[in-house]
Amino acid sequence: MEKKLRPGSLCVQAGYKPKNGEPIELPIIQSTTFKYDDSDEMAQLFDLKKEGYFYTRLQNPTNDAVAAKIAALEGGVGAVLTSSGQAANFYALFNICEAGDHFVTSNEIYGGTFNLFGVTLKKLGIDCTFVSPEASEEEIQAAFRPNTKALFGETITNPGCAVLDLEKFARIAHKNGVPFIVDNTFATPINCRPFEWGADIVTHSTTKYMDGHATQVGGVVVDSGNFDWMNCRPFQASPEGGDLNNAPSTGGGQGEVKFPGLCTPDESYHGLTYVKAFGRMGYTTKLVAQLMRDLGSIPAPQNSFLLNIGLQTLHLRMAQHCKNAQRVAEFLHDCEKVAWVHYSGLKDDPYHELAQKYLPNGSCGVIAFGLKGTRETAIKWMDSLEMINIVTHVADARPCVLPPASHTHRQLSDEQLRQAGVAPDLIRLSVGIEDVDDILDDIRQALDKI
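Along each chain, residues carry numbers from 1 onward, in the same order as the chain's sequence is written. Side-chain atom pairs in this predicted model are given and counted only at pLDDT of 80 or more, local residue features only at pLDDT of at least 70, and totals for whole chains, interfaces and linings cover all residues. For side-chain calculations, the full set of non-hydrogen atoms in the structure is used, while hydrogens and water are omitted.

*Asks:* Break down the overall build of the chain for me, citing the residues and quoting the values.
*Replies:* Every helix listed is a DSSP run of H or I at least four residues long, and every strand listed is a run of E at least two residues long, numbered separately from the N terminus. Of regular secondary structure, the chain possesses 17 helices and 14 strands. Whereas a compact globule of 450 residues would reach a radius of gyration of roughly 22 Å, the chain reaches 22 Å, a difference of no more than 12%. With the C-alpha coordinates aligned to their principal axes, the bounding extent of the chain is approximately 70 × 60 × 45 Å. Working definition: with a 1.4 Å probe on protein chains only, accessible area under 20% of the residue-type maximum means buried, over 50% means exposed, and in between means partly exposed. Within the span of the chain, comprising 450 residues, buried residues form 54% of the whole. Here the radius of gyration uses the C-alpha set of atoms, whereas the globule reference equals 2.2 Å times the residue count to the power 0.38.

*Asks:* Just give me the short version of the packing of aromatic side chains, but keep the residues and values in it.
*Replies:* Note on ring pairs: Phe, Tyr and Trp rings are taken, using the six-membered ring of Trp, and paired if centres are within 6.5 Å. Classes follow the plane angle, with under 30 degrees stacked, over 60 edge-to-face and the rest tilted. Evaluated as defined, the whole model comprises 14 aromatic pairs. When the centroid spacing of 5.7 Å and the interplanar angle of 40° are considered together, the rings of Phe 34 and Tyr 53 count as tilted. Taken together, the residues Phe 34 in the loop between helix H1 (7–13) and helix H2 (39–46) and Tyr 53 in the loop between H2 and helix H3 (61–74) connect sequence positions 19 residues apart. Taking the relative accessible area as the measure of exposure, Tyr 53 reaches 26% and is therefore partly exposed. Centroid distance Phe 103 to Phe 117: 4.9 Å. Interplanar angle 85°. Geometry classified as edge-to-face.

*Asks:* Can you break down the sheet that holds strand S7 (residues 219–223) residue by residue, with the values?
*Replies:* Taken in spatial order, the 7 strands make up an open sheet running S1-S7-S6-S5-S4-S2-S3, and their pairing is mixed. Each having just a single partner strand, strand S1 (78–82) and strand S3 (127–131) make up the two edges of the open sheet. The sheet shows a mean angle of 20° between the axes of neighbouring strands, taken without regard to direction. What makes two residues a contact is simply this: any of their non-hydrogen atoms within 4.5 Å. Here, axes are lines fitted to C-alpha atoms. For helices the fit covers the stretch in contact, and angles between N-to-C directions go from 0 to 180 degrees. Lying over the sheet, helix H5 (residues 111–123) contacts strand S2 (102–106), S3 and strand S4 (148–154), oriented at roughly 150° with respect to S3. The strands touched by helix H11 (residues 282–295) within the sheet are S1, strand S6 (201–205) and S7, with S1 carrying the most contacts at an inclination of about 30°. Pairing between strands requires that DSSP locate at least two bridges from one strand to the other.

*Asks:* Just give me the short version of the sheet that holds strand S10 (residues 338–342), but keep the residues and values in it.
*Replies:* Taken in spatial order, the 5 strands of this open sheet run S10-S11-S14-S13-S12, and their pairing is mixed. Sheet topology places S10 and strand S12 (389–390) at the edges, where each strand pairs with a single neighbour. When S10 meets strand S11 (residues 366–371), the two strands line up antiparallel, connected through 4 bridges. Within the sheet, the bridge partner assigned to Val 338 lies in S11 and is Leu 371. Sitting on the sheet, helix H13 (residues 314–334) is in contact with S10, S11 and strand S14 (427–430), with an inclination near 15° to S11.

*Asks:* Can you lay out the pairing of S11 for me, pointing to particular residues and giving the numbers?
*Replies:* Along S11, 6 of the 6 residues are buried, which leaves the element largely enclosed by surrounding structure. Residues Val 366, Ala 368 and Gly 370 point to one face of S11 and Ile 367, Phe 369 and Leu 371 to the other, with burial holding for every one of them. As defined by bridge partners, S11 adjoins S14 across 4 bridges and the pair is classed as antiparallel. Within S14, the position partnered with Ile 367 by the bridge is Leu 429.

Put into structure tokens, the structure is as follows:
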């Protein structure tokens, strides 16, 4: 039996194992297509009757190796890389939702995702209800409808730095026979593995910590393989290690199939039913064979290669990000020019207790805070920074700063900003991995100028 590696080893070793005489580093297979001598063999590939590569929009060895590494890190059965984090969240939901469907989502999510869910998906006929993650289970339950297909949230919210109660959301989702989808970008699988707390599907913007060096834009969807789409509930393991709920149902006894895209024949694939043909790989197989086939949004193999380089040091960088961010958060907490600070590592932070439960080794390097004074005060402080970069980015090896209400979330109304947990004076500071005393010196000298 193959030894089960720990996360730090998976960052380096998972996904690609070179054979005798092969390159030690994952090769970049920068090719659009792949040659076969037998036309029937390629036909079998198109019919999903045989595994192999024939067109990079569907599968590519470089992309697949990196996806396998991330799946191993999260503890999932499979993963699919996308061209951005936004694409990942879109695919994760669109793979199970269609026109006329509905899903429930935390309202404290990234502004781009808020707009994707609240505006763009509505144009496709998919409705959503935003709920406060702090609401009671009864209040969140009231948002569910007969056509609800998923519950969504972020492990650590961007940019508010709130920590989601994963077990509560998983419990509500499964009570309603739908999967719990979690954006785990800020925590990364180094600091939190949502599948261990009941989540069913995980997404990431790999542009952030997984890359860590601002070299590529990408995303990933990871499937736990734990949700029984036929029976609309998590698989129940038997003492022998098999599944207790083997018999197909018609969608949790509702008289109709709840997830027809996965559980009924796909006429575009000669009547193939994904969960019957591929079992626990049905969700990811459909995502590739149907959505990637029709919509694209794949990463270039070159980008996946760069992502893999970043993943190799993810476990080291996350530890340094958290160590530095804790020091910076404590400094800001005690600074008389700072009005408020949100960082779950602080003992008086409202999310400290949840962080101790779900993120015992640290949360991330992102801090949300506000300065005393006006918006102009914050702008003057940011403009006075020398080492910290004002960029539309976060979770990078270098320190980054941004006022979300004026930049990344400026498409939201004041009411939507409040719903998303974004205060008008919120400053998002992403602490880098440099010497923390140099970062603090830059913060101090800028504060001296306001």
